[in-house]
Protein chains: 4
Amino acid sequence: MSGAPRLKVAVLGATGIVGQRLVALLERHPWFEPVILAASARSAGRPYGEAVHWSLETPMPRFAQTAPVAPAGKPCEVDVAFSALEAEAAREIEPLWAAAGVPVVSNAGAFRMEQNVPLLVPEVNAGHLELVRGSGEGFVVTNPNCATTGLVLALAPLHRAFGVERVTVTTLQAISGAGYPGVAAMDILGNVLPGIPGEEAKLEREAAKILGKVEHGAVKPAPITVSAQTFRVPVAEGHLLSLSVRLGRRTTVAEARDVLEVFGRSALPHLPSSPARCLRLFEGESAPQPRRHVGLGSGMTVSIGRLRPCPVQDLRLVALVHNTLRGAAGGALLNAELLAAEGLLRRAPPRPLESSSGGAT
Amino acid sequence: MSGAPRLKVAVLGATGIVGQRLVALLERHPWFEPVILAASARSAGRPYGEAVHWSLETPMPRFAQTAPVAPAGKPCEVDVAFSALEAEAAREIEPLWAAAGVPVVSNAGAFRMEQNVPLLVPEVNAGHLELVRGSGEGFVVTNPNCATTGLVLALAPLHRAFGVERVTVTTLQAISGAGYPGVAAMDILGNVLPGIPGEEAKLEREAAKILGKVEHGAVKPAPITVSAQTFRVPVAEGHLLSLSVRLGRRTTVAEARDVLEVFGRSALPHLPSSPARCLRLFEGESAPQPRRHVGLGSGMTVSIGRLRPCPVQDLRLVALVHNTLRGAAGGALLNAELLAAEGLLRRAPPRPLESSSGGAT
Amino acid sequence: MSGAPRLKVAVLGATGIVGQRLVALLERHPWFEPVILAASARSAGRPYGEAVHWSLETPMPRFAQTAPVAPAGKPCEVDVAFSALEAEAAREIEPLWAAAGVPVVSNAGAFRMEQNVPLLVPEVNAGHLELVRGSGEGFVVTNPNCATTGLVLALAPLHRAFGVERVTVTTLQAISGAGYPGVAAMDILGNVLPGIPGEEAKLEREAAKILGKVEHGAVKPAPITVSAQTFRVPVAEGHLLSLSVRLGRRTTVAEARDVLEVFGRSALPHLPSSPARCLRLFEGESAPQPRRHVGLGSGMTVSIGRLRPCPVQDLRLVALVHNTLRGAAGGALLNAELLAAEGLLRRAPPRPLESSSGGAT
Amino acid sequence: MSGAPRLKVAVLGATGIVGQRLVALLERHPWFEPVILAASARSAGRPYGEAVHWSLETPMPRFAQTAPVAPAGKPCEVDVAFSALEAEAAREIEPLWAAAGVPVVSNAGAFRMEQNVPLLVPEVNAGHLELVRGSGEGFVVTNPNCATTGLVLALAPLHRAFGVERVTVTTLQAISGAGYPGVAAMDILGNVLPGIPGEEAKLEREAAKILGKVEHGAVKPAPITVSAQTFRVPVAEGHLLSLSVRLGRRTTVAEARDVLEVFGRSALPHLPSSPARCLRLFEGESAPQPRRHVGLGSGMTVSIGRLRPCPVQDLRLVALVHNTLRGAAGGALLNAELLAAEGLLRRAPPRPLESSSGGAT
């Protein structure tokens, strides 16, 4: 972490749960220095430590406690803006920052499906960055919905090797995915809620875009049909996905396991937030489970288990993704690191890491 | 409740969670009088109130508190024996009672798949009782696994109308399904466990038998392929099922809804434990949920929601079943009532109900 | 339930959790007929079934589903108005109804400590009704805070027999006490919150008033010092109280138990909502607990356990009260029944019950 | 961490929850090297990774996975034996190791109240080590019960400054305190259990010993009367204590706060597991809470909040202790570090730390 100074970043929507994760992740980040914590006009002007309802189990970083909250709607001079805004606010505010020449790395759903906006998971479709290459500095790059992130990391290797055609997926999603105050305790304590508004449509269309190809300056989605049913469960962090997959080419569980293992070991050692493994495979009936496995790879590793043949389609498996890290703040951070490493920001990061350190898996 | 005395019944495995439910349901049953509470040799001889770890939210019936626990392995003179034994014990003990001429109504898994043993859900396949008709008094009738009961009540009307061919089902199952002490709090608090040992195989084979036909003194299973993935969730009572169904004949959601509605209104008004509706349909994204809907029809009504087209198969829906009532003790009781009403017990019940009362739905 | 028609009642604040409980309790009440369901201006005019977020585990009464919500701020011609309003709204709205000549039976905190307002628990201080006797029809009668109700039912017999001087009480309170949406799941899942705002002051002053005496048209509080510390726990219904009590006269646990047992058996058999026992005593270390015992006496019985000598003061015990029934809606209903039975309403109830039925304990 | 090799340690009871914590803490400990993982005869001989039901949220250390489990009953040549045995096993096994000349640092309750056995919390009563000084190598040093540890760290500064005379304490204890499988989910999900067997007696007698003085080779307990009531709550980690304290000398909240603050900053910088602060004070009604604060100081800091005057005694406050770290494995480890630093082990540790690092608070 020598030579060049860290890149200056803003966090838009810094008081929400994903924003808090970003604030925590940026505290000691080797490349990025958080200089603006921005939120709605309601919070603007107050010290961050007072404006936020801090929900993480780790303490609030010291720098954040007294930082004045800036208004998210007023772009500033920074090298990157992270957006953890609500979709509606994002639709209005992110273009302002992009228009001011600031690359926006967004976790919001507002522009994910825009043809010229990369929907990015670095291990899967880094090539989609060509959509923004040469487009000047003001652009938006997005990461997928939290559950989609788990879905697509599990499907990508299978798709490459065998062609994924159809997927039925049932999700069991953590309450942190609904933000704060989010789900009322009266609704979820000892209970399960069927149907998370808007979530199924995201799962059903985002995966195909991510696994698609860039042609003529736009993404042509992969021909994959996804059927999703979502449930909210009384778990703090970690979305589980129960998958049944139809492949274009028949395969065995052993072959599928190999493909997942090999892909799982793929890491992006030059990016500070990349885990040593993007997938971790488990045997047996007791993994993955949120409480035990959600923190693997510092929350950046997707856990896979219960890989079996499916009597109805071809394969069954269960995936677990940390919804506010890999599925949100961590995913956005990894995207920003990829932008920096690819030279898509105005300035270079202090020094690309020379070798993998990553989180342990 | 006039004239003839109530039929005398034994409860085998009376100290377990399903046994407790039976004891509670039998307290004021119009036809059946619990005269024997039997359990393992370890408990035998002690007062039931001391031998049991009572887990229900309603108080222990007064009669049970001081009743001496009988050894389950020693058949007695009763009109019916309810079995809430563990599968292994059931395999040994149920035949002893049947051999002694006692009809056994079992919730255990031991003999469910035997060719000449009815696997019975009265609203669905009462006709399967012909397997035991004329076989003398000592026979075994079983009810399905708790999750299968919900599955088959949801599928039966669709199968009759359109032919069910393939089903992918993901379950979110309550902890009471694992008995007591069952799941350790350390394992499930704020967590989800993937994979309930043995459960998926039951879901995959029992539905086809129940929806099958009796031919030549044995059940010929319906040609339905089921793919099941199971999860344990921190919910006290109520298994949720997330279903995607391939039908033999295409249909619309409206038509499917009609079929489910009509079947749902079917009740067995001559049986005291029959709910006024065996299915209850909900609109919208927020039903069914365990805490709110598990008690409908006194726990005997299966709730259905989120009926939608499935882009991968034909239909999607969510079902909720009370796992220890409709899915276990209540299901067994309804089976015994059907046996009594059909004249398959030695004696007639006090008086068949003249008109529906049933539980409210 | 013959002769005279039922008394017409309004429920103010009918959409909140306590209001919902009242709506459910009034569905088949022998004396009272709910004719007005009133709430804030925001809900007024909409059908109750749409305006409410129904949170009970039992279904919404049919009558309520389509009833139009009336504005709570406009008094109507009814025999009694139940108030389940928030304290602030109650302070403004309850006097309007009283001024219009309607007796208000309030669960709200607004006027509990007013000198001429009875703070009433029928088994404990029915005599305090003399404060409103002869005052005309428009008056306010209140029931205590939910936790205080449990406290005072446990203390009353000890106070009468031995004189309670000082109490330290730690409460473990259910989330339903905070209303809906109330506590965020993110705050309470797998967690405990120390300190419920405003709750401790209520516990510390209400008990002394209830156990006090009416002198010269005002209540002279009993000389009891209470020290309260409150906690919110992830439990749906049922507040636990951990008590240590200093008595004016030394006693033995056996004597204290007798006193509690005798008082516990006191019932008000002429009031429909009175449980057969207002207290239920348990032996051993495993009672009372919310899930097992909160429903005793249809939620109107306070459970007492772990009665032991206290090495620091005199006695220790644990009490459990159903916070939205005995501690709120049920307590208010019992108060209204007492008013009716005492002839303090304009009209007599249909027919006083001739003998106790009460909820089973 | 130079020069001398690490001290060799055994962990007795290594498969239990406290044992697992020790295994995890010892993985990278600068002074101690775990060479023996011992458990009951039932587990002996199997690889640790198979014998254990790993319950921590962090992965099992690599070294432990294949380590063969040794029989706890056979003493080996090590520098220290940590005991995380059940009390009954400890009573039998710990003396065997001590007799073999191995210092035993025990978390078990078996010998805590023996006159010549130090019951040790380093920040509070390091001086009690004189009980074992010069007694040769084979001795037993114990740490208190998990809840007592929190109690005594909160009381110690008040006792020194003002003299604590009487304490009423109600605890809200996490399920991990009951070990594994421990509490059944059916018993605690959405519930609270009153009365943890045996726990109250420990709270009532251990604090007085720890705050006492060594006279004539034995501890003379401080004249403090404790009255404890315990509850089990559905929380994974972290015991809360609600305290009311009578002091020998009246004081103000401000003065008490100062005393707690000053003591709280006391650290033992020469011991690797000492947190930078042993106490952390919070203002307001929302702290401490298990989910947010249990991890402070890497689980070694006790959090204090809600310090207020008590109308019944003198002071009220709430304390939170990480029950399996500070209250068990971490407490034992700190004790062993103190023994090493004081020269009470056969060999010196590799190198005493030169300056505080400790966990952040």
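Note that the coordinates shown come from a computational prediction; the quantities given were computed from them, not determined experimentally.

Engineer: Quick question: what am I supposed to make of the interface of chain D and chain B here?
Structural biologist: Often, the extent of an interface is quoted as the loss of accessible area on bringing the components together. With 18 residues of chain D in contact, the opposing surface of chain B contributes 18 residues. The junction of chain D with chain B conceals about 1,300 Å² of combined surface from both sides, 77% of it contributed by carbon and sulfur atoms. Of all residues in chain D, the largest losses of buried area upon contact with chain B belong to D:Ala185, D:Met186 and D:Leu189, amounting jointly to 46% of the total for that side. On the surface where chain D and chain B come into contact, there are zero salt bridges. Summed over the shared surface of chain D and chain B, the result is six residue pairs in polar contact (both at pLDDT 80 or more). Partitioned by chemical class, the residues of the side of chain D that touches chain B number 13 nonpolar, four polar and one charged.

Engineer: Got a minute to help me understand the confidence of the model for chain A in this structure?
Structural biologist: Detailed reading of the predicted model is not advised wherever pLDDT is low. Residues and elements named next belong to chain A. Scored by pLDDT, chain A comes out at a mean of 94, with 96% of its residues at no less than 70. In the model, residues 354–361 has pLDDT below 50 throughout and makes 20 contacts with residues more than four positions away in sequence or in other chains. Interface confidence in the predicted complex, given as ipTM, is 0.94; pTM for the same model is 0.95.

Engineer: Any chance you could explain the sheet that holds strand E2 (residues 32–39) of chain D here in plain terms?
Structural biologist: Working definition: the strands of a sheet are paired by backbone hydrogen bonds and lie parallel or antiparallel to each other. Residue and element names in this part refer to chain D. An order of E3-E2-E1-E4-E5-E6 is seen for the six strands of this open sheet, with the pairing classed as parallel. The outermost strands of the open sheet, each flanked by one partner alone, are strand E3 (69–71) and strand E6 (140–142). Sheet twist, expressed as the average angle between the axes of neighbouring strands with direction ignored, equals 30 degrees. Pairing of strand E5 (residues 104–106) with E6, which is carried by three bridges, proceeds in the parallel orientation. Paired with serine 106 across the strands is threonine 142, a residue of E6. Along the sheet face, helix H1 (residues 17–26) touches strand E1 (7–12), E2 and strand E4 (80–83) and points at about 160 degrees away from the line of E1.

Engineer: Sorry if this is basic, but what is going on with the interface of chain B and chain A here?
Structural biologist: Taken residue by residue, the interface counts 49 residues in chain B and 49 residues in chain A. Both sides of the chain B and chain A interface together cover about 3,600 Å² of buried area, and 54% of this is carbon and sulfur. Of all residues in chain B, B:Pro194, B:Gln229 and B:Val312 bury the most surface against chain A, accounting for 17% of the area lost on that side. In this structure, B:Glu204 and A:Arg316 form a salt bridge, with 2.9 Å as the shortest nitrogen-oxygen distance. At the boundary of chain B and chain A, one finds 24 residue pairs in polar contact (both at pLDDT 80 or more). The element best represented in the side of chain B that touches chain A is strand E11 (residues 225–232) of chain B, accounting for seven residues.

Criteria and cut-off values
- Residues numbered from 1 in each chain as written.
- Chains lettered and ligands numbered in written order.
- Predicted model: local features only at pLDDT ≥ 70, side-chain atom pairs only at ≥ 80, totals over all residues.
- Heavy atoms only, no water.
- Contact = heavy atoms within 4.5 Å.
- Buried area = accessible area lost by both parts, 1.4 Å probe.
- Salt bridge = Lys/Arg side-chain N within 4 Å of Asp/Glu carboxyl O.
- Polar contact = N/O pair within 3.5 Å; in protein donor to acceptor, adjacent residues only side chain to side chain.
- Nonpolar A, V, L, I, M, F, W, Y, C, P; charged D, E, K, R; others polar.
- pLDDT = per-residue confidence, 0-100.
- Pairing = 2+ DSSP bridges.
- Helix = DSSP H or I, 4+ residues; strand = E, 2+ residues; numbered from the N terminus.
- Axes fitted to C-alpha atoms, helices over the stretch in contact; angles between N-to-C directions.

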